[in-house]
Amino acid sequence: MTRFLAASLGVTLAVAALESQTPAPAPAPDGAAVFATHCASCHSGAPDSRAPSPEVLRLRSPDAIVLALVNGAMRVQGSRIGGAERRAVAEYLTGRALGSDVAGASTGRCTTSPPLADPATQPMWDGWGGVGNTRSQSAKDAGLTAEQVPRLALKWAIGFPDATSGWAQPSVASGRVFVGSHNGTVYSLDAKTGCSYWTFVASGGVRSGIAFGPPLAGGTGLTVYFGDSSSTAYALDGATGRELWRRKVEEHLMARVTGTPTLYDGRLYVPISSYEEAMAADPLYECCTSRGSLSALDAKTGAILWKQYLVPEPQKLAKSAKGTQRWGPSGVSTWASPTVDAKRGVVYGATGNTFTGLTTQPLADAVVAFDLATGAIKWVSQTVPKDVSYVVGCRPDTGNPNCAEEVGPDYDFASAAILTTRPDGKDVIVIGQKSGMGYAMDPDNKGAVLWRYEAGQGRGGGAIMWSSTVDAQNAYFPVSGPGGLHAVDLKTGVRVWYAPPLPPKCKERVGCTAAQTAAISASPGVVFSGTNEGVLRAYSTRDGSVIWEYDTNREYQTVN
């Protein structure tokens, strides 16, 4: 993104001295000292830390850092210091004063705002790929053929201020691109030019995609739905960005919406995950009390119609060696978008590991079928029986009392369950796991495993992270760790082809890898997959050959 520098004229004011008895104002906190005392232990830049380094934080605005400390990922730590300290550390890290244009929307506005085009007449990418979460587009909705893909070239770019990560996938409808950002701004962009029709600021960062529905009372054209990192769900008017309703889905301080909500038959199904694994790196944090859940909201009003938790209410455990109260069981987050199976009257959720508690939890690391109407659990297909407490930074030498005796293996289902139909007419659930295994499950037999395919070795060595995809013949599994893309026959689970990882283009950068961690998408004849090095590639579904690639690691002249 092109960088802009601004200089301001300093002005000095002479002020009459106050009376001698007026106490002197308290000195402003030292931001460097606040950081060293409260932040540096995690934000150290260590290779195994998930916390951004000071160098990365310096790229954000001070407003965004304060937002994270007040109502974002760091709100537990932020609650332990005062407002002056939060401001001081934000300005120290960024070298800038508070008060910038955090949305970056003061320029790049569309000059006109025509009515929304009829969604039925335009290419559409809805949510995570429709209620079946296939991440596979028809030729009509893709608006792009396999023959055209090799000719793709950059048309426009928009920059997201205050963002260190591009969390959310774009969704497309009515000739517009809707996308959320790391700092909580949601944008409605013109698909042809990238100019912004409107922006909306949520209460937390927006990692979910956007789901579309018909207009509500007072709305025009369509309604857009999403969730944020404060575990709040929203409905906005798609034409204007006007808020129609918002609903706090979960009250736990660390709860968040990561997966894209799924809209079906007047209900919005919202998954809840949690930040708590990261918070538990602090030995003074009372770990852990968050619980994954799935809720059904009335799409018109946001009212919660039912909520189903995935782990029992946490109870007090023995205190740690440092005297900190420990809690359990906890965790079992629902990281991914829910999948609706209207034929069987259920919605599928994919779950993660537990955070604390030594007993096996039957709903962890599983595909869970919930009754669409009531939320009652109909069946569970668990693949890893014991996966307890993957607390960030847990190593034998840390002495963190929140670390379990047996850590990991961290084999969450971060991918959404895909509901698809094989060539022989049999419905199947396809899903990849962080263990590196891909599965086909039987929705007519309580999720019994029909086949399993080993694409990688799990964790950093070959996990399947944020999604898989399918077409009429195959399932496609991208691999983290070393990278690579696998095509597997939907019926048999036998490999059709394998595209090995290509050498990274950025060997000079620390942490640059060819890992294919990001969610993948398909359209007829093509699978699109991004890498951790920043390269987006298109693979032929015929043989896995690369038919196009684009290296995103470059400077851009953005429309804003």
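Please refer to the structure higher up on the page.
The structure reproduced in this document is the subject of the present report. As the structure is a prediction and not an experimental result, all values here were calculated from the model. (Residues numbered from 1 in each chain as written. Predicted model: local features only at pLDDT ≥ 70, side-chain atom pairs only at ≥ 80, totals over all residues. Heavy atoms only, no water.)

Moving on, we come to the packing of aromatic side chains. Scanning the entire structure with this criterion turns up 15 aromatic pairs. Members of the aromatic cluster, each reached through a chain of ring pairs, are F178, W198 and F212. The ring of W128 is capped by R135, whose NZ or CZ atom sits 4.2 Å from the centre of that ring. Here R176 stacks its cationic end above the ring of Y197, 3.8 Å away from the centre of that ring. (Phe/Tyr/Trp six-rings, centres within 6.5 Å; stacked < 30°, edge-to-face > 60°. Lys NZ or Arg CZ within 6 Å of the ring centre and 35° of its normal.)

Here we take up the state of the cysteines. The tally for this structure, following the rule as stated, stands at two disulfides. Between the sulfur of C110 and that of C195 lies a disulfide, 2.0 Å long from S to S. An S-S torsion of about 95 degrees defines the bridge between C110 and C195 as right-handed. Pair noted here: C110 is in the loop between helix 5 (83–94) and helix 6 (139–142) and C195 is in the loop between strand 3 (185–190) and strand 4 (196–201), with a separation of 85 residues, a long-range link. (Disulfide = S-S within 2.5 Å. Helix = DSSP H or I, 4+ residues; strand = E, 2+ residues; numbered from the N terminus.)

The sheet built from four strands is open, its strands ordered 24-25-26-27 with antiparallel pairing. Both outer strands of the open sheet, strand 24 (469–470) and strand 27 (495–499), are each paired with one neighbouring strand and no more. Alignment of strand 25 (residues 474–478) against strand 26 (residues 485–489), held across five bridges, turns out to be antiparallel. Following the sheet pairing, P478 is matched in strand 26 by L485. (Pairing = 2+ DSSP bridges.)

Once that is clear, we can look at the pairing of strand 6 (residues 223–227). By the criterion of burial, strand 6 is predominantly enclosed, with five of the five residues buried. Because side chains alternate across strand 6, one face comprises the buried residues T223, Y225 and G227, and the other comprises V224 and F226, equally buried. Here three bridges tie strand 5 (residues 211–213) to strand 6, and the two strands are oriented antiparallel to one another. Across the sheet, residue A211 finds its bridge partner in strand 6, namely Y225. The antiparallel pairing of strand 6 with strand 7 (residues 232–237) creates a hairpin that spans four residues between the two strands, and S231 there sits at a positive phi of about 60 degrees. (Buried < 20%, exposed > 50% of the residue type's maximum accessible area, 1.4 Å probe, protein only.)

A word on helix 1 (residues 31–38). Taken together, the buried positions of helix 1 are occupied by G31, V34 and F35. Projected down its long axis, helix 1 shows its buried positions confined to an angular sector of 100 degrees, all on one face. The exposed residues of helix 1 that point more than 90 degrees off its buried face are A36 and T37. For helix 1, the secondary structure elements touched by its buried residues are helix 2 (54–57) and helix 5. Between the side-chain oxygen of the N-cap and the backbone nitrogen of A32 there are 2.9 Å, and the N-cap of helix 1 in question is D30. (Arc of directions from axis to C-beta. Contact = heavy atoms within 4.5 Å. Polar contact = N/O pair within 3.5 Å; in protein donor to acceptor, adjacent residues only side chain to side chain.)

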